[in-house]
Amino acid sequence: MVGLSSEDHYKQGVLQIAASETLEERKKCALATSSITNFPDDCLNLIFQGLKSSTDCDSFGLTCRQWLRVQNNNRGSLWFHSPFSSQTVLEIDPDSFSTILCNLLVRFQYLKVLSLSGCPELTDSVISQSQYFGSCIEVLYLDNCSKFSNMLCIVLSWFPRLTTVSLKGCHITDKGLKILAESCSSLQIVNLSKCQLISDSGVGFISQNCRELCSLCISCCGKIKGTSLHGCSQTLTNLEADNCNFNTEGIKAIVSGGGLEHLNLAGLWRHFSFTGKGLELIGEGFAINLLVLNLEDCISVNSRTVTVISKGCPLLREWNLSGCSEVDLEGWQAIGWNCHNLETLNLRECFQ
(Lines give C-alpha, C1' and ligand atoms only; values in the text may rest on other atoms or scores of the structure.)
Protein backbone atom coordinates (compact mmCIF):
# COMPACT_ATOMS: atom_id res chain seq x y z
CA MET A 1 0.00 0.00 0.00
CA VAL A 2 1.40 3.34 -1.05
CA GLY A 3 1.75 5.78 1.87
CA LEU A 4 0.16 9.23 1.81
CA SER A 5 2.36 12.28 1.60
CA SER A 6 2.23 14.96 4.30
CA GLU A 7 0.31 17.21 1.90
CA ASP A 8 -2.33 14.52 1.33
CA HIS A 9 -2.72 14.02 5.08
CA TYR A 10 -3.28 17.76 5.45
CA LYS A 11 -5.94 17.86 2.72
CA GLN A 12 -7.76 14.85 4.20
CA GLY A 13 -7.86 16.48 7.63
CA VAL A 14 -9.28 19.71 6.21
CA LEU A 15 -12.02 17.77 4.38
CA GLN A 16 -12.98 15.90 7.56
CA ILE A 17 -13.28 19.16 9.52
CA ALA A 18 -15.39 20.69 6.73
CA ALA A 19 -17.59 17.62 6.64
CA SER A 20 -18.15 17.68 10.40
CA GLU A 21 -19.02 21.40 10.30
CA THR A 22 -21.52 20.78 7.51
CA LEU A 23 -23.11 17.93 9.48
CA GLU A 24 -23.34 20.09 12.60
CA GLU A 25 -24.95 22.87 10.64
CA ARG A 26 -27.41 20.40 9.17
CA LYS A 27 -28.30 19.19 12.63
CA LYS A 28 -28.91 22.73 13.82
CA CYS A 29 -30.96 23.49 10.72
CA ALA A 30 -33.05 20.34 11.16
CA LEU A 31 -33.62 21.18 14.82
CA ALA A 32 -34.80 24.67 13.92
CA THR A 33 -37.19 23.52 11.20
CA SER A 34 -38.65 20.75 13.38
CA SER A 35 -39.73 23.19 16.09
CA ILE A 36 -43.41 22.65 16.98
CA THR A 37 -44.17 26.28 16.20
CA ASN A 38 -43.28 25.51 12.59
CA PHE A 39 -45.75 22.62 12.25
CA PRO A 40 -48.33 23.11 9.47
CA ASP A 41 -51.95 23.68 10.47
CA ASP A 42 -53.06 20.18 9.50
CA CYS A 43 -50.58 18.66 11.99
CA LEU A 44 -51.67 21.06 14.71
CA ASN A 45 -55.29 20.19 13.97
CA LEU A 46 -54.54 16.53 14.62
CA ILE A 47 -52.79 17.43 17.87
CA PHE A 48 -55.71 19.61 19.03
CA GLN A 49 -58.30 16.99 18.13
CA GLY A 50 -56.36 14.41 20.11
CA LEU A 51 -56.53 16.42 23.35
CA LYS A 52 -58.74 14.79 25.98
CA SER A 53 -58.73 17.46 28.70
CA SER A 54 -60.98 20.50 28.37
CA THR A 55 -58.29 22.49 30.21
CA ASP A 56 -55.74 21.56 27.55
CA CYS A 57 -58.18 22.52 24.79
CA ASP A 58 -58.92 25.89 26.43
CA SER A 59 -55.22 26.74 26.91
CA PHE A 60 -54.07 25.49 23.48
CA GLY A 61 -54.40 28.91 21.86
CA LEU A 62 -52.23 30.62 24.49
CA THR A 63 -49.06 29.30 22.82
CA CYS A 64 -48.99 31.66 19.83
CA ARG A 65 -51.23 33.20 17.17
CA GLN A 66 -50.97 30.17 14.91
CA TRP A 67 -52.15 27.87 17.69
CA LEU A 68 -54.94 30.31 18.56
CA ARG A 69 -56.11 30.22 14.92
CA VAL A 70 -56.14 26.42 14.99
CA GLN A 71 -58.10 26.46 18.24
CA ASN A 72 -60.63 28.91 16.79
CA ASN A 73 -61.05 26.84 13.63
CA ASN A 74 -61.83 23.75 15.71
CA ARG A 75 -64.63 25.42 17.66
CA GLY A 76 -67.76 23.57 16.56
CA SER A 77 -70.55 25.14 18.65
CA LEU A 78 -71.44 28.39 20.38
CA TRP A 79 -74.21 28.53 22.97
CA PHE A 80 -75.23 31.88 24.37
CA HIS A 81 -78.05 30.07 26.08
CA SER A 82 -79.33 26.51 25.89
CA PRO A 83 -82.83 26.16 24.37
CA PHE A 84 -83.32 23.17 26.69
CA SER A 85 -82.82 25.23 29.86
CA SER A 86 -85.65 26.57 31.99
CA GLN A 87 -84.19 30.09 31.75
CA THR A 88 -85.68 31.89 28.75
CA VAL A 89 -84.01 35.31 28.63
CA LEU A 90 -80.34 36.26 28.58
CA GLU A 91 -79.83 39.34 30.78
CA ILE A 92 -77.59 41.66 28.73
CA ASP A 93 -78.19 44.94 26.95
CA PRO A 94 -78.62 44.82 23.14
CA ASP A 95 -75.53 46.92 22.30
CA SER A 96 -73.19 44.78 24.36
CA PHE A 97 -74.72 41.56 23.09
CA SER A 98 -74.46 42.67 19.46
CA THR A 99 -70.78 43.55 19.90
CA ILE A 100 -70.00 40.23 21.58
CA LEU A 101 -71.91 38.27 18.93
CA CYS A 102 -70.08 39.99 16.07
CA ASN A 103 -66.66 39.40 17.62
CA LEU A 104 -67.35 35.73 18.23
CA LEU A 105 -68.87 35.00 14.81
CA VAL A 106 -65.89 36.66 13.13
CA ARG A 107 -63.46 34.75 15.35
CA PHE A 108 -65.05 31.30 14.98
CA GLN A 109 -65.35 30.82 11.22
CA TYR A 110 -66.19 27.09 11.22
CA LEU A 111 -69.03 26.86 13.72
CA LYS A 112 -71.57 24.10 13.05
CA VAL A 113 -74.03 24.86 15.88
CA LEU A 114 -75.21 28.28 17.10
CA SER A 115 -77.76 28.91 19.85
CA LEU A 116 -79.18 32.41 20.32
CA SER A 117 -82.20 31.22 22.28
CA GLY A 118 -83.55 33.80 24.70
CA CYS A 119 -81.08 36.46 23.55
CA PRO A 120 -81.94 40.18 23.44
CA GLU A 121 -82.61 42.11 20.26
CA LEU A 122 -79.80 42.82 17.79
CA THR A 123 -78.62 46.27 16.70
CA ASP A 124 -77.68 47.40 13.20
CA SER A 125 -73.99 46.96 14.02
CA VAL A 126 -74.41 43.22 13.50
CA ILE A 127 -75.57 43.72 9.90
CA SER A 128 -72.50 45.82 9.08
CA GLN A 129 -70.22 42.95 10.17
CA SER A 130 -72.21 40.03 8.76
CA GLN A 131 -70.06 39.67 5.62
CA TYR A 132 -67.22 38.52 7.87
CA PHE A 133 -69.23 35.72 9.51
CA GLY A 134 -68.52 32.09 8.69
CA SER A 135 -71.25 30.34 6.71
CA CYS A 136 -70.69 26.75 7.91
CA ILE A 137 -73.45 26.77 10.55
CA GLU A 138 -75.82 23.81 10.12
CA VAL A 139 -77.85 23.96 13.35
CA LEU A 140 -79.45 27.20 14.60
CA TYR A 141 -81.56 27.69 17.75
CA LEU A 142 -83.61 30.89 17.97
CA ASP A 143 -86.19 29.73 20.51
CA ASN A 144 -88.05 32.48 22.37
CA CYS A 145 -86.27 35.23 20.43
CA SER A 146 -89.39 37.38 20.32
CA LYS A 147 -87.24 40.55 20.28
CA PHE A 148 -85.66 39.48 16.98
CA SER A 149 -88.85 40.40 15.09
CA ASN A 150 -87.31 43.14 12.96
CA MET A 151 -84.10 41.28 12.14
CA LEU A 152 -85.18 37.64 12.19
CA CYS A 153 -85.34 37.34 8.39
CA ILE A 154 -81.87 38.89 8.08
CA VAL A 155 -80.37 36.47 10.62
CA LEU A 156 -81.84 33.46 8.81
CA SER A 157 -80.30 34.57 5.50
CA TRP A 158 -76.76 34.54 6.99
CA PHE A 159 -76.54 30.76 7.16
CA PRO A 160 -77.36 29.06 3.81
CA ARG A 161 -76.10 25.63 4.95
CA LEU A 162 -78.70 25.17 7.68
CA THR A 163 -80.11 21.67 8.06
CA THR A 164 -81.77 22.23 11.46
CA VAL A 165 -83.53 25.36 12.74
CA SER A 166 -85.66 25.86 15.84
CA LEU A 167 -87.88 28.95 15.99
CA LYS A 168 -90.09 27.93 18.89
CA GLY A 169 -92.09 30.86 20.25
CA CYS A 170 -90.65 33.35 17.74
CA HIS A 171 -92.62 36.16 16.10
CA ILE A 172 -91.74 34.93 12.63
CA THR A 173 -94.24 35.56 9.83
CA ASP A 174 -95.05 33.83 6.55
CA LYS A 175 -92.66 36.27 4.85
CA GLY A 176 -89.89 35.11 7.16
CA LEU A 177 -90.60 31.46 6.37
CA LYS A 178 -90.41 32.26 2.67
CA ILE A 179 -86.96 33.80 3.12
CA LEU A 180 -85.90 30.80 5.21
CA ALA A 181 -87.10 28.32 2.59
CA GLU A 182 -85.40 30.19 -0.26
CA SER A 183 -82.13 30.69 1.64
CA CYS A 184 -81.87 27.23 3.18
CA SER A 185 -83.32 24.65 0.79
CA SER A 186 -81.39 21.82 2.52
CA LEU A 187 -83.39 22.06 5.74
CA GLN A 188 -84.17 18.70 7.31
CA ILE A 189 -85.49 19.55 10.79
CA VAL A 190 -87.73 22.59 11.44
CA ASN A 191 -89.39 23.53 14.74
CA LEU A 192 -92.13 26.17 14.44
CA SER A 193 -94.09 25.33 17.57
CA LYS A 194 -95.94 28.22 19.22
CA CYS A 195 -95.28 30.53 16.25
CA GLN A 196 -98.68 32.20 16.37
CA LEU A 197 -98.18 34.50 13.36
CA ILE A 198 -97.62 31.83 10.70
CA SER A 199 -100.28 30.22 8.52
CA ASP A 200 -100.52 27.53 5.86
CA SER A 201 -98.97 29.91 3.37
CA GLY A 202 -95.68 30.06 5.29
CA VAL A 203 -95.57 26.33 6.01
CA GLY A 204 -96.24 25.72 2.32
CA PHE A 205 -93.01 27.54 1.42
CA ILE A 206 -91.06 25.19 3.70
CA SER A 207 -92.84 22.08 2.43
CA GLN A 208 -92.42 22.85 -1.27
CA ASN A 209 -88.90 24.30 -1.26
CA CYS A 210 -87.19 22.07 1.30
CA ARG A 211 -87.48 18.66 -0.34
CA GLU A 212 -85.12 17.01 2.16
CA LEU A 213 -87.39 17.89 5.09
CA CYS A 214 -87.71 14.93 7.45
CA SER A 215 -89.07 16.46 10.69
CA LEU A 216 -91.53 19.33 11.13
CA CYS A 217 -93.06 20.65 14.36
CA ILE A 218 -96.05 23.00 14.06
CA SER A 219 -97.60 22.34 17.48
CA CYS A 220 -99.85 25.03 18.95
CA CYS A 221 -99.99 27.02 15.71
CA GLY A 222 -103.67 27.96 15.65
CA LYS A 223 -103.75 29.41 12.11
CA ILE A 224 -102.51 26.25 10.40
CA LYS A 225 -105.15 24.01 8.80
CA GLY A 226 -102.67 21.50 7.36
CA THR A 227 -103.63 21.97 3.70
CA SER A 228 -100.23 23.47 2.83
CA LEU A 229 -98.58 20.07 3.34
CA HIS A 230 -100.34 18.55 0.34
CA GLY A 231 -97.72 16.92 -1.87
CA CYS A 232 -95.04 17.14 0.84
CA SER A 233 -91.81 15.27 0.28
CA GLN A 234 -91.70 11.55 1.03
CA THR A 235 -88.70 12.32 3.24
CA LEU A 236 -91.07 13.84 5.82
CA THR A 237 -91.19 11.08 8.44
CA ASN A 238 -91.95 13.02 11.62
CA LEU A 239 -94.80 15.51 12.11
CA GLU A 240 -95.59 17.10 15.48
CA ALA A 241 -98.94 18.88 15.12
CA ASP A 242 -100.68 18.68 18.48
CA ASN A 243 -103.23 21.37 19.31
CA CYS A 244 -103.52 22.56 15.73
CA ASN A 245 -106.63 23.67 13.86
CA PHE A 246 -106.65 20.98 11.15
CA ASN A 247 -109.68 20.27 9.02
CA THR A 248 -110.52 17.21 6.92
CA GLU A 249 -108.51 18.44 3.92
CA GLY A 250 -105.62 19.13 6.26
CA ILE A 251 -105.60 15.53 7.50
CA LYS A 252 -105.59 14.33 3.91
CA ALA A 253 -102.70 16.66 3.06
CA ILE A 254 -100.38 15.70 5.92
CA VAL A 255 -100.38 12.02 4.94
CA SER A 256 -100.10 12.70 1.19
CA GLY A 257 -96.33 12.33 1.11
CA GLY A 258 -96.54 8.70 2.14
CA GLY A 259 -93.40 8.73 4.29
CA LEU A 260 -94.78 9.48 7.77
CA GLU A 261 -93.53 7.25 10.57
CA HIS A 262 -94.29 9.46 13.57
CA LEU A 263 -97.51 11.52 13.74
CA ASN A 264 -98.73 13.56 16.72
CA LEU A 265 -102.25 15.00 16.48
CA ALA A 266 -103.00 15.16 20.20
CA GLY A 267 -105.63 17.69 21.26
CA LEU A 268 -107.22 17.87 17.83
CA TRP A 269 -110.64 17.64 19.45
CA ARG A 270 -110.52 21.30 20.41
CA HIS A 271 -110.57 22.48 16.82
CA PHE A 272 -111.29 19.60 14.45
CA SER A 273 -114.09 19.89 11.92
CA PHE A 274 -116.13 16.72 12.16
CA THR A 275 -117.31 16.75 8.55
CA GLY A 276 -116.12 14.09 6.10
CA LYS A 277 -114.01 11.08 6.95
CA GLY A 278 -111.72 13.04 9.23
CA LEU A 279 -109.11 10.98 11.00
CA GLU A 280 -110.07 7.83 9.10
CA LEU A 281 -108.04 9.24 6.21
CA ILE A 282 -104.90 8.23 8.12
CA GLY A 283 -105.76 4.60 7.49
CA GLU A 284 -106.56 4.81 3.79
CA GLY A 285 -103.17 3.82 2.42
CA PHE A 286 -100.87 6.86 2.52
CA ALA A 287 -99.67 6.28 6.10
CA ILE A 288 -98.85 2.60 5.74
CA ASN A 289 -95.36 3.16 7.19
CA LEU A 290 -96.65 4.79 10.38
CA LEU A 291 -94.91 3.53 13.54
CA VAL A 292 -96.03 6.02 16.22
CA LEU A 293 -99.46 7.69 16.35
CA ASN A 294 -100.68 10.06 19.06
CA LEU A 295 -104.43 10.78 19.07
CA GLU A 296 -104.71 11.76 22.72
CA ASP A 297 -107.89 13.71 23.53
CA CYS A 298 -109.24 13.43 19.98
CA ILE A 299 -112.88 12.87 20.97
CA SER A 300 -113.95 12.35 17.37
CA VAL A 301 -112.16 8.99 17.44
CA ASN A 302 -114.60 6.07 17.60
CA SER A 303 -114.48 2.35 16.87
CA ARG A 304 -114.80 2.85 13.12
CA THR A 305 -111.89 5.32 13.14
CA VAL A 306 -109.71 2.87 15.10
CA THR A 307 -110.67 -0.04 12.83
CA VAL A 308 -109.80 1.81 9.61
CA ILE A 309 -106.48 3.07 11.01
CA SER A 310 -105.50 -0.35 12.41
CA LYS A 311 -106.04 -1.95 9.01
CA GLY A 312 -104.22 0.79 7.07
CA CYS A 313 -101.27 1.11 9.49
CA PRO A 314 -100.26 -2.46 10.38
CA LEU A 315 -96.70 -1.46 11.36
CA LEU A 316 -97.81 0.64 14.36
CA ARG A 317 -95.58 0.13 17.40
CA GLU A 318 -96.96 2.85 19.66
CA TRP A 319 -100.51 4.22 19.74
CA ASN A 320 -101.86 6.78 22.20
CA LEU A 321 -105.65 6.77 22.46
CA SER A 322 -105.90 8.46 25.87
CA GLY A 323 -109.19 10.28 26.32
CA CYS A 324 -110.81 8.59 23.27
CA SER A 325 -113.83 7.43 25.22
CA GLU A 326 -115.98 6.65 22.16
CA VAL A 327 -114.01 3.52 21.26
CA ASP A 328 -115.79 0.31 22.32
CA LEU A 329 -115.02 -3.43 22.23
CA GLU A 330 -115.19 -3.55 18.42
CA GLY A 331 -112.37 -1.03 18.16
CA TRP A 332 -110.15 -2.80 20.68
CA GLN A 333 -110.65 -6.09 18.87
CA ALA A 334 -109.66 -4.49 15.55
CA ILE A 335 -106.40 -3.31 17.10
CA GLY A 336 -105.65 -6.82 18.34
CA TRP A 337 -106.39 -8.39 14.97
CA ASN A 338 -104.49 -5.92 12.80
CA CYS A 339 -101.63 -4.31 14.78
CA HIS A 340 -99.32 -7.26 15.39
CA ASN A 341 -96.26 -5.04 15.89
CA LEU A 342 -97.87 -2.93 18.61
CA GLU A 343 -95.67 -2.56 21.71
CA THR A 344 -97.35 0.35 23.54
CA LEU A 345 -101.06 1.18 23.71
CA ASN A 346 -102.11 4.06 25.98
CA LEU A 347 -105.77 3.86 27.01
CA ARG A 348 -105.94 6.38 29.86
CA GLU A 349 -109.53 7.61 30.45
CA CYS A 350 -111.02 5.25 27.88
CA PHE A 351 -114.19 4.27 29.71
CA GLN A 352 -115.63 1.61 27.43
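Residues numbered from 1 in each chain as written. Predicted model: local features only at pLDDT ≥ 70, side-chain atom pairs only at ≥ 80, totals over all residues. Heavy atoms only, no water.

An unreviewed UniProt entry lists the protein under the name F-box/LRR-repeat protein, with Papaver nudicaule given as the organism.

## A few points about the overall build of the protein
Defined as follows: The helix and strand labels rest on DSSP assignments: H or I over at least four residues marks a helix, E over at least two residues marks a strand, and numbering proceeds from the N terminus. When accessible area is computed with a 1.4 Å probe and restricted to protein chains, residues below 20% of their type maximum are described as buried, those above 50% as exposed, and intermediate ones as partly exposed. Contact criterion: two residues are considered in contact whenever any of their non-hydrogen atoms come within 4.5 Å of each other. Residue burial considers only the protein chains on display, and all accessible areas are found by Shrake-Rupley using a 1.4 Å probe.
The helix and strand inventory of the protein stands at 12 helices and 11 strands. Across the 352 residues in the protein, those meeting the buried criterion constitute 44%. Within the protein, contacts between residues separated by at least 24 positions form 68% of all contacts whose residues are at least 6 apart in sequence. Only carbon and sulfur atoms are counted for the fraction: they give 53% of the accessible area of the protein, which is about 18100 Å².

## Thoughts on the nonpolar core
Our working rule: For the purposes of this section, nonpolar cores are sets of buried Ala, Val, Leu, Ile, Met, Phe, Trp, Tyr and Cys residues that join through side-chain atoms within 4.5 Å.
With 83 residues, the main nonpolar core has Leu142, Leu167, Ile218 and Ile282 as its most contacted residues. With five residues, the top contributor of residues to this core is helix H5 (residues 94–107). Look past the residues within four positions of Leu142 in its chain and what remains in contact with it is Leu116, Ser117, Phe148, Leu152, Val155, Leu156, Ser166, Leu167, Lys168 and Cys170. Ranked by size, the runner-up nonpolar core spans six residues in total, among them Leu44, Phe48, Cys57 and Val70.

## Some thoughts on the layout of surface pockets
Applied cut-off: Of the grid points, spaced at 1 Å and generated over the protein atoms alone, those admitting a 1.4 Å probe that cannot get out make up cavities, while open sets with protein on both sides within 12 Å along at least five of seven lines make up pockets; any residue with an atom within 4 Å of a point is treated as lining. Grid points are joined across faces, edges and corners, and a volume is the space filled by probe spheres set on the points. For this classification, Asp, Glu, Lys and Arg are treated as charged, while Ala, Val, Leu, Ile, Met, Phe, Trp, Tyr, Cys and Pro are nonpolar and the rest, including Gly, are polar.
Volume-wise, the second largest pocket comes out at about 170 Å³. Around the second largest pocket, the lining residues are Phe48, Cys57, Asp58, Gln71, Asn72, Asn74, Arg75, Arg107 and Phe108. Elements supplying a minimum of two residues to the lining of the second largest pocket: helix H3 (54–59) and helix H4 (65–73). Looking at the lining of the second largest pocket residue by residue, the class counts come to three nonpolar, three polar and three charged.

## Let's talk about the environment of Trp67
Along the chain, Trp67 turns up in helix H4. Residue classification places Trp67 among the buried residues on the basis of a relative accessible area of 10%. Sequence spacing of Trp67 and Phe48 is 19 residues, and the spatial spacing of their C-alpha atoms is 9.1 Å.

## Structural notes on the side chain of Ser310
With respect to the secondary-structure elements, Ser310 resides in helix H11 (residues 303–312). Taking the relative accessible area as the measure of exposure, Ser310 reaches 0% and is therefore buried. Leaving out residues up to four positions away in the same chain, Ser310 has contacts with Trp319, Ala334, Ile335, Asn338 and Cys339.

## Quick look at the packing of helix H8 (residues 174–183) against helix H9 (residues 200–209)
Rules: Here, axes are lines fitted to C-alpha atoms. For helices the fit covers the stretch in contact, and angles between N-to-C directions go from 0 to 180 degrees. For this classification, under 35 degrees means roughly parallel, over 145 means roughly antiparallel, 65 to 115 means roughly perpendicular, and everything else is oblique.
At their nearest, the axes of H8 and H9 sit 7 Å apart, and the two run at 10° to each other. Of the possible angle classes, the one that applies to H8 and H9 is roughly parallel. Where H8 approaches H9, its residues Asp174, Leu177, Lys178, Leu180 and Ala181 are matched on the opposing element by Ser201, Gly202, Val203, Phe205, Ile206 and Asn209. For the contact of H8 with H9, the per-class residue count stands at six nonpolar, three polar and two charged.

## What about the pattern of salt bridges?
Keep this limit in mind: The salt bridge definition used is simple: a Lys or Arg side-chain nitrogen within 4 Å of an Asp or Glu carboxyl oxygen.
Under the defined criterion, the tally for this structure stands at three salt bridges. Of the charged contacts, one joins Arg304 and Glu280 as a salt bridge, the two residues approaching to 3.3 Å between their closest N and O atoms. With Arg304 in helix H11 and Glu280 in the loop between strand E8 (262–264) and strand E9 (292–294), this residue pair connects regions lying 24 residues apart in the sequence. Judged by its relative accessible area of 56%, Arg304 is exposed.

## Some words on the pairing of strand E2 (residues 113–116)
For clarity, the cut-off: Any two strands with at least two DSSP-identified bridges between them are counted as paired. A crossover counts as right-handed when, viewed with the strands pointing away from the observer, the path leading from the first strand over the helix to the second turns clockwise.
Of the two faces of E2, the one holding Val113 and Ser115 and the one holding Leu114 and Leu116 are both buried throughout. Pairing analysis gives three bridges linking E2 to strand E3 (residues 139–141), with the strands arranged parallel. Each bridged residue has a counterpart across the sheet, and for Val113 the counterpart in E3 is Val139. Crossover E2 to E3 through helix H6 (residues 124–129) is right-handed.

## Regarding H5
Side chains of residues three or four places apart in an α-helix project in the same direction, reflecting 3.6 residues per turn. Just so we agree on the cut-off: A helix is expected to reach a length of 1.5 Å times the quantity of its residues less one.
For H5, with 14 residues, the first-to-last C-alpha span of 20 Å sits near the 20 Å given by 1.5 Å per residue. What H5 keeps buried is the set Phe97, Ser98, Leu101, Cys102, Leu104 and Leu105.

## Thoughts on the packing of aromatic side chains
The criterion, for reference: Stacked, edge-to-face and tilted labels apply to pairs of Phe, Tyr and Trp rings (six-membered ring for Trp) whose centres lie within 6.5 Å, assigned for plane angles under 30 degrees, over 60, and everything in between, in that order.
If you walk through the whole model with that rule in mind, you get five aromatic pairs. Considering the side-chain rings of Trp158 and Phe159, the 6.1 Å spacing of their centres and the 85° angle between planes classify their relative orientation as edge-to-face. Taken as a pair, Trp158 and Phe159 share a single burial class, namely buried. An aromatic cluster is built from Phe133, Trp158 and Phe159, whose rings are joined through pairwise contacts.

## Digging into H11
Keep this limit in mind: Think of a polar contact as two N or O atoms within 3.5 Å of one another; within protein, one of them needs to be a possible hydrogen donor and the other a possible acceptor, and neighboring residues in sequence only count if both atoms come from side chains.
Burial analysis of H11 places eight of its 10 residues in the buried class, the great majority of the element. Within H11, the full set of buried residues consists of Ser303, Thr305, Val306, Thr307, Val308, Ile309, Ser310 and Gly312. For H11, the N-terminal cap is Asn302; the gap from its side-chain oxygen to the backbone nitrogen of Arg304 is 3.1 Å.

## A short note on the confidence of the model for the protein
The condition that has to hold: The predictor attaches a confidence to each residue, called pLDDT, with possible values from 0 through 100.
Of all residues in the protein, 83% attain a pLDDT of 70 or more, and the chain-wide mean is 84. When the criterion is pLDDT under 50, residues 272–276 qualifies, and its contacts beyond four places in sequence or with other chains add up to 13 contacts.

## Quick look at the packing of helix H2 (residues 41–49) against H4
Selection criterion: In this scheme the handedness of a crossing depends on how the near helix is turned from the far one: anticlockwise by less than a right angle means left-handed, clockwise means right-handed.
The contact between H2 and H4 brings their axes to 10 Å, and the two run at 60°. Comparing the axis directions of H2 and H4 gives the class oblique. Judged by the sense of rotation from one axis to the other, the crossing of H2 with H4 is right-handed. Facing H2, whose interface residues are Asp41, Leu44, Asn45 and Phe48, H4 presents Gln66, Trp67, Arg69, Val70 and Gln71. For the contact of H2 with H4, the residue count by class is four nonpolar, three polar and two charged.

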